[in-house]
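Results of the structural survey
The residues making up each chain are set out below.
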Amino acid sequence: MACVLIVKTGDAYPEIAEQHGDFEALFEQQLSTALPDHLALTIWDARQSATPPALDTLAGIVITGSHSMVSDAEPWSEALKPWLQSALANDTPMLGVCYGHQLMAAAFGGVSDYHPAGRESGTHPVRLTQAGQQDPLFSQLPERFNAHLSHAQSVMQAPHGCTVLAHNSHDAHQALRYGPRQWSVQFHPEFTAPVMRAYIERQRAALRDQGENPETLSAEVIDAPEAASLLQRFLSFV
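Throughout what follows, the structure given in this document is the object of discussion. (Residues numbered from 1 in each chain as written. Predicted model: local features only at pLDDT ≥ 70, side-chain atom pairs only at ≥ 80, totals over all residues. Heavy atoms only, no water.)

To continue, consider the side chain of Arg233. Within the fold, Arg233 resides in helix H9 (residues 225–234). One buried charge, Arg233, has no salt-bridge partner; the nearest side chain with opposite charge is Asp135, at 7.9 Å. The contacts of Arg233, once residues within four sequence positions are left out, are Leu137, Gln140 and Leu141. (Helix = DSSP H or I, 4+ residues; strand = E, 2+ residues; numbered from the N terminus. Buried < 20%, exposed > 50% of the residue type's maximum accessible area, 1.4 Å probe, protein only. Lys, Arg positive; Asp, Glu negative; His and termini not counted. Salt bridge = Lys/Arg side-chain N within 4 Å of Asp/Glu carboxyl O. Contact = heavy atoms within 4.5 Å.)

Another aspect to go through is the layout of surface pockets. Taken as a whole, the largest pocket spans an internal volume of roughly 220 Å³. Along its surface, the largest pocket is lined by 19 residues, and Ser66, His67, Arg119, Ser150 and His151 are the ones closest to its centre. Of all the secondary structure elements, the ones that give two or more residues to the lining of the largest pocket are helix H4 (99–107) and strand E7 (144–151). (1 Å grid on protein atoms, 1.4 Å probe; cavity = no way out; pocket = protein on both sides within 12 Å on 5 of 7 lines; lining within 4 Å. Points joined across faces, edges and corners; volume = space filled by probe spheres on them.)

Across the nine residues that make up helix H2 (residues 23–31), a large majority, seven, are buried. Turning to H2, its buried residues are Phe23, Glu24, Ala25, Leu26, Phe27, Gln30 and Leu31.

Before going further, it helps to spend a moment on the packing of helix H3 (residues 75–89) against H4. The description of two packed helices rests on the angle between their axes and on the distance between the axes. At a minimum axis distance of 9 Å, the contact between H3 and H4 shows a crossing angle of 65 degrees. The two elements H3 and H4 cross, and the hand of that crossing is right-handed. Counted together, Trp76, Ser77, Leu80, Lys81, Leu84 and Gln85 of H3 and Tyr99, Leu103, Met104, Ala106 and Ala107 of H4 form the full contact between these two elements. Considering only residue class, the contact of H3 with H4 consists of eight nonpolar, two polar and one charged. (Axes fitted to C-alpha atoms, helices over the stretch in contact; angles between N-to-C directions. Left-handed = near helix turned anticlockwise from the far one by under 90°. Nonpolar A, V, L, I, M, F, W, Y, C, P; charged D, E, K, R; others polar.)

This part is about the packing of H2 against H9. The contact between H2 and H9 brings their axes to 9 Å, and the two run at 75 degrees. If you check the angle between H2 and H9, you find them roughly perpendicular. When H2 is examined against H9, the residues Phe27, Gln30 and Leu31 are found in contact with a partner set consisting of Ala228, Leu231 and Gln232. Taken together, the residues of the contact of H2 with H9 sort by class into four nonpolar, two polar and no charged. (Parallel < 35°, antiparallel > 145°, perpendicular 65-115°, else oblique.)

Along the chain, the position of Val185 falls in strand E11 (residues 182–185). Each C-alpha atom, one on Val185 and one on Leu230, is 9.9 Å from the other, the two residues being 45 residues apart in sequence. What Val185 contacts, discounting residues up to four positions off in sequence, is Gly96, Val97, Cys98, His101, Phe138, Gln174, Ala175 and Leu230.

This part covers the side chain of Asp135. Mapped onto the fold, Asp135 is located in the loop between helix H5 (130–134) and E7. Judged by its relative accessible area of 0%, Asp135 falls in the buried class.

As a further point, take the pairing of strand E6 (residues 120–128). Within a regular strand, the side chains alternate between the two sheet faces. The buried fraction of E6 is high, at seven of nine residues. Here E6 pairs with E7 via eight bridges, running antiparallel. Paired with Arg127 across the two strands is Arg144, which belongs to E7. In terms of strand pairing, E6 meets strand E9 (residues 163–167) through two bridges, oriented antiparallel. If you follow Leu128 over to E9, its bridge partner there is Ala166. (Pairing = 2+ DSSP bridges.)

Okay, here's the thing in structure tokens:
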């Protein structure tokens, strides 16, 4: 049976993982609702194993978020870069999310680092570019849609030759395409509204330190079904 690999790059906060599921579980919950019979989901923790799965055994790759920072260049993270480069050259379908987004961009020649405006957290509007409106994965989304976000780092410089598919007032690179079936997004399509609120609660002090009101951000959290639909739609390219 063909395998869609979920590459686990981090753990959710313990209280969030206990109540809602760890990062990989959030992806499994969303993807399993649209998983065709000929596909199976498999988890690989990239921090625990130095040898990535062979690309010819994979139908697709999904890369999770993490509390690690791409710019820290941890050995396990750096070791993923040549594997991702090979996956792109092999035209293996890929979707990177948050840390996965920043890691893919860095692997393909971009720069990921701390955003000078600080952390972006909560449910915020994202807009498609003209290219995004014509993209095979993103074209079914409205031009403006809501997305759940929680990140301190961003893709500060997109790789040469990639296509910017979405942006917002905080981040110029909310979604990128690198090849025919290789995408990444800064926002979290796997998050539900309760998960987003739990993250805001956990980040309360950091958000206050940068002048934001956690209570307001939490009250403004709403469902983001359009963003979530990207995960199910990605499976059609596998």
